[in-house]
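Next come the chains, spelled out residue by residue.
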Amino acid sequence: MNTATTPSGPVPVVDYVHGYSQREGRRLGDQADTLAQLLHTGTAYPAGSRVLELGCGIGAQTVHLLRSSPGAHIVAVDRSEESLAQASTRVAGLAPEAQVEWHRADVFDLPFADAEFDHAFVCFVLEHLPDPRRALAGLRRVLRPGGTITVIEGDHGSVFFHPDSTYARAAIDCQIHFQAAAGGNALLGRQLQPLLAGAGYDDVAVRPLTVYTDRTRPALVDGFTRNTFIAMVASVRDKALAAALTTTAEWDRGIADLLRTAHGGTFHYTFFKALAVNPPAAPAASPRHM
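Residues numbered from 1 in each chain as written. Predicted model: local features only at pLDDT ≥ 70, side-chain atom pairs only at ≥ 80, totals over all residues. Heavy atoms only, no water.

## Considering unusual backbone geometry
Glycine aside, residues mostly have negative phi, and peptide bonds are mostly found in the trans state.
Thought 1: For the peptide bond that leads from H162 to P163, omega is 0 degrees, which places it in the cis range.
Thought 2: Even without being a glycine, A115 presents a positive backbone phi close to 55 degrees.
Thought 3: Summarising the element assignment, A115 is placed in the loop between β5 (100–104) and β6 (117–123).
Thought 4: Judged by its relative accessible area of 37%, A115 is partly exposed. (Helix = DSSP H or I, 4+ residues; strand = E, 2+ residues; numbered from the N terminus. Buried < 20%, exposed > 50% of the residue type's maximum accessible area, 1.4 Å probe, protein only.)

Here it is, written out as structure tokens:
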């Protein structure tokens, strides 16, 4: 695994398991737009507040942050120059009046002053990091005391569907495997409360956000089941075959069975949304006198 050096030591550099293809960009856009109401309801920042969006990617979530908090000052960070360029173009097309600062930076080495931000928004980022607790602890430095952090993550262990299929579950397990091999964790959602508490945040509150689809919810069937989740699993086909984790026949059966859930079946997935507060720094201990 490659490493990068930061002031606090070497940090593993992991590859984004889903890649940076145009197809992945469309998938991220479909996901953000389909789930906007579910994920962003209740998240709005006051006018004039400085909000750090960590791991903005192609700006799929940025546009929804701008819509819910039009007066906030968004500072969006990503390590990929290509993704930042796409994000800037996306925001310019969908929210031309918005003022967003774009920064290329590493989550473990943020180039900002202490207490520079009022709020932080982190969506689908921690699942790709080798040390998410360290990333959360590092964010506290740039977040003012009393400032809030919102974190949203999925959890592939929350998937169930009808008709059930061992082949479909095996295909999902392949995606979980490769995300872990890349240094991430596709089962991270269930860990948000202890992660944030362990990183030093107070008042940690986590809510499960359930996506359920069937034929009565065609927009969710298309936007989430087909174009978000199944598309994500399907993207690791070549890796799974090359690693001999499956055969062509088993893989094709698994994807076909997943698609059956979108044709008269049902599909369930749970995201987890956490809100926490950066506490004030502890006062320095007074020297003892003999």
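Back to the text.
## Section: the nonpolar core
Thought 1: In this structure, F229, V233, L258 and F271 are the most contacted members of the largest nonpolar core, which totals 43 residues.
Thought 2: Looking at this core element by element, the count peaks at 6 residues for helix α5 (residues 166–181).
Thought 3: With sequence-adjacent residues up to four places away left out, F229 is seen in contact with H156, V159, I172, F224, F267 and Y269.
Thought 4: Membership of the second largest hydrophobic core comes to 31 residues, among which are L52, V142, L195 and L196. (Core = buried A, V, L, I, M, F, W, Y, C linked by side-chain atoms within 4.5 Å. Contact = heavy atoms within 4.5 Å.)

## Some words on the pairing of β5
Thought 1: When strand β4 (residues 73–78) meets β5, the two strands line up parallel, connected through 5 bridges. Within β5, the position partnered with D78 by the bridge is R104.
Thought 2: For the handedness criterion, the β-α-β arrangement of β4, helix α3 (residues 81–94) and β5 is classed as right-handed. (Pairing = 2+ DSSP bridges. Right-handed = clockwise from strand over helix to strand, strands pointing away.)

## Some remarks on the side chain of H268
Thought 1: Topologically, H268 is positioned in strand β10 (residues 266–277).
Thought 2: A relative accessible area of 13% means that H268 is categorised as buried.
Thought 3: Among the polar contacts listed, one links the side chain of H268 to the backbone oxygen of S158, at a separation of 3.1 Å.
Thought 4: Among all residues touching H268, those that are not within four sequence positions of it are S158, V159, F160, T210 and V211. (Polar contact = N/O pair within 3.5 Å; in protein donor to acceptor, adjacent residues only side chain to side chain.)

## Some words on helix α4 (residues 132–142)
Thought 1: Those residues of α4 lying buried are P132, A135, L136, L139 and V142. Mapping the buried residues of α4 onto a view down its axis gives an arc of 105 degrees, with all of them on the same face.
Thought 2: On the buried face of α4, the contacting elements are β3 (50–54), β6, β7 (143–154) and α6 (192–198). (Arc of directions from axis to C-beta.)

## Description of the confidence of the model for the chain
Thought 1: Here the chain averages 89 in pLDDT, and 86% of its residues register 70 or above.
Thought 2: For residues 16–21, every residue scores under 50 in pLDDT, and the model assigns this stretch 22 contacts once sequence neighbours within four places are set aside. (pLDDT = per-residue confidence, 0-100.)

## Focus: the packing of α5 against helix α9 (residues 248–260)
Thought 1: Packing of α5 against α9 leaves a shortest axis separation of 7 Å and a crossing angle of 105 degrees. It follows from the interaxial angle that α5 and α9 lie roughly perpendicular. Packed against α5, whose contacting residues are Y167, A168, A171, I172 and C174, the element α9 presents E250, W251, R253, G254, D257 and L258 at the interface.
Thought 2: Considering only residue class, the contact of α5 with α9 consists of 7 nonpolar, 1 polar and 3 charged. (Axes fitted to C-alpha atoms, helices over the stretch in contact; angles between N-to-C directions. Parallel < 35°, antiparallel > 145°, perpendicular 65-115°, else oblique. Nonpolar A, V, L, I, M, F, W, Y, C, P; charged D, E, K, R; others polar.)

## Topic: the packing of aromatic side chains
Thought 1: Counted by the stated rule, this structure contains 9 aromatic pairs.
Thought 2: Each member of the aromatic cluster is reached from another via a ring pair, and the members are F124, F161, F224, F229, F267, Y269 and F271.
Thought 3: Across from the ring centre of Y201, 5.9 Å away, lies the NZ or CZ of R140, which sits over that ring.
Thought 4: Over the ring of F161 we find R169, and its NZ or CZ is 4.8 Å from the ring centre. (Phe/Tyr/Trp six-rings, centres within 6.5 Å; stacked < 30°, edge-to-face > 60°. Lys NZ or Arg CZ within 6 Å of the ring centre and 35° of its normal.)

## Regarding helix α7 (residues 218–234)
Thought 1: For α7, spanning 17 residues, the distance from its first C-alpha to its last is only 21 Å, which falls clearly below the expected 24 Å at 1.5 Å a residue.
Thought 2: Along its length, α7 shows its largest kink, about 30 degrees, at T225.
Thought 3: Within the sequence span of α7, burial applies to V221, G223, F224, T225, T228, F229, I230, M232 and V233. (Expected span 1.5 Å × (residues − 1). Bend = angle between axes of the 7 residues up to and from the residue.)

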